[in-house]
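Breakdown of the fold
Spelled out, the chains give:
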Amino acid sequence: MNNRKILKLLGDNRSDQPYPGRFGPVPGATLDGGSWTLPLVNLQDPELALIARSQSANADHARFSVRFTREQTLKAFFLGYTNLTISAAISLTGYFDEGRTDIAWRKRFQAYPPVAFTGDLDWRAPNWWSGKPLVESLEGFTQNAFVVFDGDVRARVIDVEIEDPGNPDGFIDFGRLLCLNGWQPVSNYVLGGSLAFETDTVIEKSMSGAEFADVREPFRVYNVGFQHLPEQQALDQGLEMVRRQGIHGEILVVDDFAPLNLHRLSFLARPRQMAAWERSAPKRANIAFQLKERLP
C-alpha cells in the first residue's frame, strides 16, 4: 500500500511554550526573528483569532525561528489560518544544534500546490499555466499551509522563511503554528468513514412564515474508524491520543495527499467525543474517532 495514502492523525504539537508539569518541565519552544507588528507568541496560543502579523510581506520581515528546548522528532509542519496568496511558498531549514551551524535538512513547499498538470487543463482555463487551484475553489475553506515530511525529521531549531512578496495585504498573517509528531496507523481506516459539513446557523420564522437566518460558518466533521490494529499500537498511539487531546486538543487530519483534494480532506480539528478502545480479537483492537473542524 502507498504509505502516502494512509490517513495521518497528527496531534502531538512540540512548538507551544514550555511549562512546568507535575513530574518536571514539559518541553516546548520559543519563537524569534523577523519583524512582527503582532507578536509571534500569538502562534503558540490555541485561540485561532489571535494572530501574528509581519511588518510587511518582505521576506526579511516574514521569517522566524522555532527554538525547541530539546531536539524533537517531527512528522509535519503546519501554519494555520493564513492570508497567503496562491503563489506563496514556505522554506524550512532544520538544524541539529542550537547555534544553527549543523544543518539537518531543508524543505521548501508551496502553500497551495498545483492541482493539475497543464496538459490536463483546458487551454482557456485561467490556471492553465500554473495548475494552481482557482480562488473560487478555495473560497469558504479555512486557509492552511502545511507539509507532511516523507519520513520523520529531527531538529533543535527550525528557520521558517515566508515567500509571498506580492501579497496585496502588504503583510503576512498566521493564526497557529504546529510542529507535529503524531500517529499514522499501520493500516488505513475501514470503509464507511464519512466527511460532512455541519453548521450552527439558526433559522427563525416570523408569524407570517418568513424565515430569517443567523448565518454561521459551516465546519467539517469527520467520522473515521480503524479495525484489527495491533493491540499495543491502538493503546500506545490511539488511546493515548484520546487521553492527551480530550475533546479540546488539536489534531491535524491528513487524509489524501492528492493536491486536488488536499484542501477538502485535510484540516485542523478537535475530537468531538472521547473515543473508546475495543478489543476485536486476541492482540487486536478497534478504535474510532469523530473529529470536528476548528474555526477561528
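A brief look at the structure comes next.

Conventions adopted
- Residues numbered from 1 in each chain as written.
- Predicted model: local features only at pLDDT ≥ 70, side-chain atom pairs only at ≥ 80, totals over all residues.
- Heavy atoms only, no water.
- Helix = DSSP H or I, 4+ residues; strand = E, 2+ residues; numbered from the N terminus.
- Buried < 20%, exposed > 50% of the residue type's maximum accessible area, 1.4 Å probe, protein only.
- Contact = heavy atoms within 4.5 Å.
- Areas by Shrake-Rupley, 256 points an atom, 1.4 Å probe, with all protein chains shown as cover.
- Salt bridge = Lys/Arg side-chain N within 4 Å of Asp/Glu carboxyl O.
- Pairing = 2+ DSSP bridges.
- Expected span 1.5 Å × (residues − 1).
- Bend = angle between axes of the 7 residues up to and from the residue.
- 1 Å grid on protein atoms, 1.4 Å probe; cavity = no way out; pocket = protein on both sides within 12 Å on 5 of 7 lines; lining within 4 Å.
- Points joined across faces, edges and corners; volume = space filled by probe spheres on them.
- Nonpolar A, V, L, I, M, F, W, Y, C, P; charged D, E, K, R; others polar.
- Polar contact = N/O pair within 3.5 Å; in protein donor to acceptor, adjacent residues only side chain to side chain.
- Core = buried A, V, L, I, M, F, W, Y, C linked by side-chain atoms within 4.5 Å.

Looking at the overall build of the protein chain
The secondary structure content of the protein chain amounts to three helices and 20 strands. Put simply, the protein chain has 296 residues, and 45% of those count as buried. Pairs at least 24 residues apart make up 74% of the contacts formed inside the protein chain by residues separated by at least 6 positions. Counting every atom, the protein chain has about 15,300 Å² of accessible surface; 52% of that belongs to carbon and sulfur.

Focus on the pattern of salt bridges
A full pass over the atoms with the stated rule returns 18 salt bridges. Residue Arg154 pairs with Glu71 through a salt bridge whose shortest N-O separation is 2.4 Å. Of this pair, Arg154 sits in strand S10 (residues 145–163) while Glu71 sits in strand S7 (residues 63–80), and the two are 83 residues apart along the sequence. By relative accessible area, Arg154 is classed as partly exposed at 39%. With its nearest N and O atoms 2.9 Å apart, the salt bridge here joins Glu293 to Arg220.

Quick look at the sheet that holds strand S6 (residues 52–54)
Taken in spatial order, the three strands make up an open sheet running S5-S6-S11, and their pairing is antiparallel. A strand with exactly one partner marks an edge of an open sheet, and here the two such strands are strand S5 (36–38) and strand S11 (173–174). Sheet analysis places S6 next to S11, joined by two bridges and oriented antiparallel. Bridge pairing in S11 links Ala52 to Phe174.

Topic: the environment of Gln44
Mapped onto the secondary structure, Gln44 falls in the loop between S5 and S6. On the accessibility criterion, Gln44 (9% relative accessible area) is buried. Placed 15 residues apart in sequence, Gln44 and Ala29 show a C-alpha to C-alpha distance of 9.0 Å. Non-local contacts of Gln44, meaning those with residues more than four positions away in its chain, are made with Ser15, Asp16, Gln17, Ala29, Thr30, Leu31 and Arg176.

Focus: helix H2 (residues 231–245)
Look at H2: 20 Å from first C-alpha to last across 15 residues, which is about the 21 Å you get at 1.5 Å a residue. Of all the bends in H2, the greatest measures close to 25 degrees and is centred on Leu239. For H2, the full list of buried residues reads Glu231, Gln233, Ala234, Gly238, Met241, Val242 and Gln245. After H2 finishes, the residue Gly246 shows a positive phi value of roughly 55 degrees.

Thoughts on the layout of surface pockets
Space inside the largest pocket adds up to approximately 740 Å³. Lining the largest pocket we find 21 residues, and of these Asp12, Asn13, Tyr19, Val26 and Arg244 sit closest to its centre. Put simply, the parts of the chain that give the lining of the largest pocket at least two residues each are strand S1 (8–13), S7 and H2. Across the lining of the largest pocket, the residue classes break down as four nonpolar, nine polar and eight charged.

Here we look at empty space enclosed by the protein
It is a probe the size of a water molecule, rolled over the atoms, that shows where empty space is left. Scanning all chains against the criterion turns up one cavity of 30 Å³ or more. In this structure, the largest cavity encloses a volume near 40 Å³. Around the largest cavity, the lining residues are Met241, Val242, Gly246, Ile251, Pro271, Gln273, Met274, Ala275 and Phe289.

Considerations on the side chain of Asn144
Examined against the element boundaries, Asn144 turns out to sit in the loop between helix H1 (135–138) and S10. Among the polar contacts listed, one links the side chain of Asn144 to the backbone nitrogen of Tyr81, at a separation of 3.1 Å.

Re the nonpolar core
Among the nonpolar cores identified, the biggest contains 34 residues, and Val66, Phe77, Leu92 and Val160 are the most heavily contacted of them. Those elements that place two or more of their residues in this core are strand S4 (29–32), S7, strand S8 (89–95), strand S9 (103–110), S10 and strand S12 (176–183). Counting residues per element, this core draws most heavily on S10, at eight residues. Of all hydrophobic cores here, the second largest spans 19 residues; its members include Trp183, Val224, Phe226 and Ala275.

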